[in-house]
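# Descriptive analysis of the structure
What follows is the residue order along each chain.
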There are 2 protein chains.
Amino acid sequence: MASLPDMTSKPPPLFPRLARDALSQRIAQALTEAIVSGRLKPGDRVSESAIAREMGTSRAPVREAGRLLESAGLLVSKANRGFFVRTITADDLDSIYELRLCIEREAAARLVRVGGVAGVVPDLHLQLDEMTGRSADGQVIHQIAADLQFHRLIVKNSGNSRFLAVFDTLASEIQASTALIDRVFDDPHKIARNHLLIIDALETGDEGEARAAMDYHIGVAREAVVNHFRVLEAGHPAPPPRKVP
Amino acid sequence: MASLPDMTSKPPPLFPRLARDALSQRIAQALTEAIVSGRLKPGDRVSESAIAREMGTSRAPVREAGRLLESAGLLVSKANRGFFVRTITADDLDSIYELRLCIEREAAARLVRVGGVAGVVPDLHLQLDEMTGRSADGQVIHQIAADLQFHRLIVKNSGNSRFLAVFDTLASEIQASTALIDRVFDDPHKIARNHLLIIDALETGDEGEARAAMDYHIGVAREAVVNHFRVLEAGHPAPPPRKVP
DNA sequence: TCAAGTTAAATTGTCGACAAACGACAGTTT
DNA sequence: AAACTGTCGTTTGTCGACAATTTAACTTGA
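Residues numbered from 1 in each chain as written. Chains lettered and ligands numbered in written order. Predicted model: local features only at pLDDT ≥ 70, side-chain atom pairs only at ≥ 80, totals over all residues. Heavy atoms only, no water.

### Topic: the protein's contact with DNA strand D
Worth spelling out the cut-off: We call a residue near a molecule or strand when any one of its heavy atoms sits within 4 Å of it. Any N or O atom pair separated by 3.5 Å or less is treated as a polar contact, with the protein-specific requirement of one donor-capable and one acceptor-capable atom, and with residues adjacent in sequence counted only for side-chain atom pairs. Under the scheme used here, helices are H or I runs from DSSP no shorter than 4 residues and strands are E runs no shorter than 2 residues, and both carry numbers assigned from the N terminus. Side-chain classes are defined by residue name, with Ala, Val, Leu, Ile, Met, Phe, Trp, Tyr, Cys and Pro counting as nonpolar, Asp, Glu, Lys and Arg as charged, and the others, Gly among them, as polar.
Taken together, 21 residues lie around DNA strand D, and R59(A), R63(A), L23(B), S58(B) and R81(B) are the ones closest in. Sugar plus phosphate: this is where 70% of the atoms of DNA strand D within 4 Å of the protein reside. Note that a base nitrogen of DNA strand D is positioned 2.8 Å from one of the side-chain N or O atoms of R59(A). Contributions of two or more residues to the surface near DNA strand D are made by α2 (48–55) and α3 (59–72) of chain A together with α1 (22–36) and α3 (59–72) of chain B. Split into classes, the residues belonging to the surface near DNA strand D amount to three nonpolar, eight polar and ten charged.

Below you can see the structure in the form of structure tokens.
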């Protein structure tokens with residue numbers, strides 16, 4: 001369905017009508033890219049005027065982009081001080097993973113309940129290939145992105161839009177925080193095998209199985225990531241904020 | 001515990017830091033009040049210029065307030081069209097309550113786990129009094145607010161800051177949607193009794209008991225509210241948007 | 001009468017400018 | 001020497017104005 005050409009509206013949406021408002025969004029995207037890639041580090045100041053100067057726009061759209069990323073959890077704003085890249089502690093990450101666990105556990109169960117498993121399994125396999133492919137060329141960031149995308153597919157197809165909204169927020173925070181990590185935790189093929197277990201659990205058609213698989217999978221990731229950050233914090237007790245354009 | 005004076009931090013926050021940025025926030029608060037009180041109805045347009053004219057400010061802070069409420073889920077923005085009061089469907093509410101269930105179930109269990117029950121029970125009883133008091137004078141809106149506040153206390157003291165962040169978003173959406181309701185679902189004293197059951201469960205010190213109590217309590221509310229909205233939707237298939245200053 | 005095309009009004013997106021607020025540094029006092 | 005106070009430069013919060021877009025109102029034609 002939804003594949004028939006729509007005769008009622010204009011013929012070709014050839015060029016995706018780029019709304020004027022897109023300016024804020026493009027700025028937001030550029031900032032996001034800078035954060036998840038690690039060019040902007042936690043605690044760094046994000047100056048409205050500096051960004052505006054660099055990008056050749058006024059401060060207004062930069063401000064909007066900042067607010068956008070603030071609600072996405074990538075930036076924080078101090079009154080009369082401006083925006084700063086959010087500093088994420090190990091405790092924060094633990095809270096994030098605990099919430100993520102609640103969401104994804106239910107999402108997996110819900111996906112089974114509404115009978116949407118068969119529809120997503122092919123996409124899940126595709127995403128898995130992407131994941132192992134990315135890890136081959138040492139692109140840790142892209143590998144993590146593909147990993148999150150795998151989980152996102154499950155959440156999205158669970159049918160609860162709020163689950164997806166929360167997941168997206170958490171995912172961007174996780175992606176941003178893992179920008180500091182330069183090594184993979186596990187052998188890529190082992191990770192792929194773990195994800196296969198999730199698919200298997202989904203295909204049993206048992207809600208309890210699906211929940212349990214998610215519980216285990218995310219629990220493992222949680223422990224690994226949080227521990228990694230705890231030792232990082234032990235080494236860098238208070239990283240001094242850098243001034244970045 | 002948590003009752004000893006904290007010697008490590010500054011003594012008293014004697015004067016509460018009043019930031020200049022408060023302007024946007026005051027506008028946001030005024031808009032929120034208008035929405036939850038029902039003066040602004042779902043689908044209504046919220047014009048930047050009109051609001052700015054009325055409040056005697058420029059459009060910039062109004063815009064910020066709009067973005068703030070957008071991330072809070074009270075408004076939606078269409079490109080080049082401005083802000084509109086979010087229309088919430090029965091399905092939306094069902095999704096919201098399902099998410100709320102996930103959060104609060106874990107929050108209750110977590111509260112028990114970290115041993116914070118004794119610290120909040122007195123506050124919970126105070127909030128319960130507030131709730132029954134409000135319902136006496138027919139202030140349904142305030143009663144619902146007090147109800148949400150009760151639940152918020154539990155979430156807040158659970159110790160996971162993300163739980164609270166999500167809950168606050170959901171709470172404001174619930175509060176806004178229930179602005180359309182003009183009658184109480186249940187006898188106030190029955191509601192109070194139901195909340196007492198939650199307190200009892202928390203005091204058993206058993207995580208499973210706490211979870212189960214929340215499951216039941218929120219499940220009942222979910223069914224009542226969602227059903228109420230389904231019949232509302234049957235009557236008002238597509239309420240036409242009103243133009244409001 | 002209704003439909004489509006055209007014009008006018010209103011509203012948003014963006015811009016540059018101004019004043020208040022903050023952080024830093026220096027000077028003064030105890 | 002330490003702490004407080006005053007000044008200075010930088011950055012944000014806010015403002016009014018302009019350009020682009022949408023909405024409506026109006027005209028025209030079948």
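### Let's talk about the environment of E64(B)
As a reminder of what qualifies: Any two residues whose heavy atoms approach within 4.5 Å are treated as being in contact.
Relative to the helices and strands, E64(B) resides in helix α3. Sequence separation of E64(B) and L23(B) is 41 residues, and the distance between their C-alpha atoms is 9.7 Å. Those residues in contact with E64(B) that lie beyond four places of it in its chain are R63(A), R67(A) and S24(B).

### Some remarks on the interface of chain B and chain A
As a reminder, the rule being used: Two parts placed together each lose some accessible area under a 1.4 Å probe, and adding up what both lose gives the buried area. We define a salt bridge as a contact between a side-chain nitrogen of Lys or Arg and a carboxyl oxygen of Asp or Glu at a distance within 4 Å.
Taken together, the 27 residues of chain B in the interface contact 27 residues of chain A. Interface area, chain B with chain A, both sides summed: about 2,400 Å², of which 46% is carbon and sulfur. Broken down residue by residue, the surface that chain B buries against chain A is led by E64(B), E98(B) and R162(B), which jointly contribute 27%. Taken together, the connections running from chain B to chain A amount to twelve salt bridges. Between chain B and chain A we count twelve residue pairs in polar contact (both at pLDDT 80 or more) in total. Only α3, α4 (90–113) and α7 (161–177) of chain B provide two or more residues apiece to the side of chain B that touches chain A. With eleven residues, the single largest contributor to the side of chain B that touches chain A is α4(B). Looking at the side of chain B that touches chain A, its residues break down into eight nonpolar, five polar and 14 charged.

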